[in-house]
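# Working through the structure, step by step
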Amino acid sequence: MITVENLSKSFWGTTGPVVALDDVSLDVAAGAITGVVGPQGSGKSTLARLVSLQERPDSGVIRVEGHNIASLDPRRLRAARRRIGVVQYGDLLPQRTAAGNIALPLEQAGVDGPQRRTKVGKLLDLIGLTDKAALYPDALTPGQQARVAVARALVGDPGLLLADEPTKGLDADAAAGVLTVLDRARAELGATVLVVTSDAGVIRRVADEVALLVDGRVQESGHLLSLIQAPDSLLAGAVLPAIDAPPAARAQHDRLAEVVLIGFAAVGALLPEATGRFGAAISVLGGGLTRVGETPVARFLLGVTGAHSDSALAWIADRGGLVRQGLRGPQGIAA
Ligand code: ADP
Ligand code: MG
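Thresholds, definitions, all that
- Residues numbered from 1 in each chain as written.
- Chains lettered and ligands numbered in written order.
- Predicted model: local features only at pLDDT ≥ 70, side-chain atom pairs only at ≥ 80, totals over all residues.
- Heavy atoms only, no water.
- Near = heavy atom within 4 Å.
- Polar contact = N/O pair within 3.5 Å; in protein donor to acceptor, adjacent residues only side chain to side chain.
- Helix = DSSP H or I, 4+ residues; strand = E, 2+ residues; numbered from the N terminus.
- Nonpolar A, V, L, I, M, F, W, Y, C, P; charged D, E, K, R; others polar.
- pLDDT = per-residue confidence, 0-100.
- Contact = heavy atoms within 4.5 Å.
- Domains from an automatic or database assignment.
- Buried area = accessible area lost by both parts, 1.4 Å probe.
- Salt bridge = Lys/Arg side-chain N within 4 Å of Asp/Glu carboxyl O.
- Axes fitted to C-alpha atoms, helices over the stretch in contact; angles between N-to-C directions.
- Parallel < 35°, antiparallel > 145°, perpendicular 65-115°, else oblique.
- Core = buried A, V, L, I, M, F, W, Y, C linked by side-chain atoms within 4.5 Å.
- Buried < 20%, exposed > 50% of the residue type's maximum accessible area, 1.4 Å probe, protein only.

### Quick notes on the site of ligand 1
In the vicinity of ligand 1, the contacting residues are Phe11, Val18, Ala20, Pro39, Gln40, Gly41, Ser42, Gly43, Lys44, Ser45, Thr46 and Arg49. In the environment of ligand 1, an oxygen atom lies 3.4 Å from a nitrogen or oxygen atom belonging to the side chain of Gln40. In this structure, Gly41 approaches ligand 1 through a main-chain N or O atom, which is 2.6 Å from an oxygen atom. When residues of the shell around ligand 1 are traced back to their parent elements, those giving at least two are strand E2 (16–28) and helix H1 (44–51). The leading source of residues in the shell around ligand 1 is H1, at 4 residues. Among the residues making up the shell around ligand 1, the classes are represented as 4 nonpolar, 6 polar and 2 charged.

Spelled out as structure tokens, the structure:
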């Protein structure tokens, strides 16, 4: 859908040039959710503005559906911009209802009443606010307002939906509601979605493809479920449950191992079965369970004791567990 090749962008700050993006390349895969995550100031919003064609890069190429946008004439550039729906938060018109806010871009485009109502009805259903259609923004919760903002961005059937910090300032339930809407836009409307966020939880819940941006550079990128299987992935580290195990607990076991388990069967059954088969005492010293998209994923720090500790761990690895053996004792694995 969109590819970004060797993009660089600097700004003039008060003390000289600020490099916001430094040779960034990224594929935004059609029909998937791509998540760019990174700390504050890492260049995410700059990347979002370049991809949505609101700003020009200093160097590098942006291709939309194969066309280098630098070579588009103004008319084609405007047409390309219209194919990108940017979620704009916080500027719903207070004197218009939820439905009226979603309909506004259609009115401006001269779409007739019946067509408008059909489209708005579909989007209200998509965002789960059919029963709130006639409410004004100040009668909606912040999460509902954010969902209306997403619907408004979708109203022109954009090929790309772009959301910068879609869950910022929302509580957990409201954030989950907004992410559900982004996922439905992908699944039901076939939209390509690009989300930039400083919250790894957003990536964990909705992203198929991910990139980690640090200081304007892509440090890591790929398919999230694949990265989770890469032992040294920084993105996996940010997305998997943290391991907080006190050193004293670590010292009491013959073997320490970090184990990543992916999928229902693995998460539910492997550890008890390994205990039963090998008579090894397996203690969970840290870590926990989470979901990556719909897939249950666990990361545990295990302490294993008994004559068959190694066999038990090898058996878990054979069954698809990703086992990293630590050394004996507390220095084994840095959490
Ligand atoms: P993020 O969205 O990841 O927090 P930004 O893309 O907003 O990061 O900013 C990246 C860097 O570029 C920061 O150092 C920021 O101060 C700088 N920057 C971004 N936009 C501008 C601008 N219009 N003028 C000057 N500096 C900017
Ligand atoms: Mg930002």
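### A few points about the confidence of the model for the chain
When pLDDT is averaged across the chain, the result is 91; 97% of the residues are at 70 or more. Mean pLDDT across the elements of the chain ranges from a minimum in helix H10 (residues 247–251), with 77, to a maximum in strand E3 (residues 33–37), with 98. In this model residues 327–335 is a low-confidence stretch, pLDDT under 50, and it forms 21 contacts with partners more than four residues away in sequence or in other chains.

### Observations regarding the domain arrangement of the chain
For the chain, the domain assignment lists domain 1 (2–236) and domain 2 (241–328). For domain 1 versus domain 2, the distance between C-alpha centres works out to 38 Å. If you look at the interface, domain 1 gives 8 residues, while domain 2 gives 10 residues. Interface area for domain 1 against domain 2, summed over the two sides, is near 780 Å², with a carbon-plus-sulfur share of 63%. The largest per-residue losses of area from domain 1 upon contact with domain 2 belong to Arg204, Leu225 and Ile228, which jointly make up 59% of the total buried on that side. Joining domain 1 to domain 2, the criterion identifies 1 salt bridge. Asp232 is paired through a salt bridge with Arg324; the nearest N and O atoms lie 3.7 Å apart. Applying the counting rule to domain 1 against domain 2 returns 3 residue pairs in polar contact (both at pLDDT 80 or more). When residues of the side of domain 1 that touches domain 2 are traced back to their parent elements, those giving at least two are helix H7 (200–206) and helix H8 (224–227). Taken together, the residues of the side of domain 1 that touches domain 2 break down into 4 nonpolar, 1 polar and 3 charged.

### Remarks on the packing of helix H4 (residues 113–126) against helix H6 (residues 172–189)
Interhelical geometry of H4 versus H6 gives an angle of 125 degrees and a closest axis separation of 10 Å. Judged by the inter-axis angle, H4 sits oblique to H6. Listed contacts from H6 to Leu123, Asp125 and Leu126 of H4 are Val181, Arg184, Ala185, Glu188 and Leu189. The residue makeup of the contact of H4 with H6, split by class, is 5 nonpolar, no polar and 3 charged.

### Quick word on the nonpolar core
Ile102, Leu124, Ile127, Val148 and Leu161 are the most contacted members of the largest nonpolar core, which has 34 residues in total. Within the residue set of this core, elements represented by two or more residues are helix H3 (98–108), H4, helix H5 (142–154), strand E7 (160–164), H6, strand E8 (192–197) and H7. Excluding its chain neighbours within four sequence positions, the residues that come into contact with Ile102 are Val120, Leu123, Leu124, Ile127, Val148, Ala151, Arg152 and Val155. Grouped together as the second largest cluster of nonpolar side chains are 26 residues, Leu7, Leu21, Val24 and Ile69 included.

### As for the pattern of salt bridges
Side-chain pairs of opposite charge can arise where the charged atoms are in close proximity. A full pass over the atoms with the stated rule returns 16 salt bridges. The shortest N-O distance in the salt bridge between Glu55 and Lys9 comes to 3.8 Å. Highlighted residues: Glu55 in the loop between H1 and strand E4 (59–64) and Lys9 in strand E1 (residues 2–13), separated in sequence by 46 residues. Taking relative accessible area as the criterion, Glu55 reaches 24% and is therefore assigned partly exposed. A relative accessible area of 11% places Lys9 in the buried class. The salt bridge involving Arg324 is made with Glu258; its shortest N-O contact spans 3.5 Å. Of this pair, Arg324 sits in strand E14 (residues 322–325) while Glu258 sits in strand E11 (residues 255–262), and the two are 66 residues apart along the sequence. We classify Glu258 as buried; its relative accessible area is 8%. A cluster of three or more residues bridged by salt bridges with shared partners is formed by Asp232, Glu258, Arg299 and Arg324.

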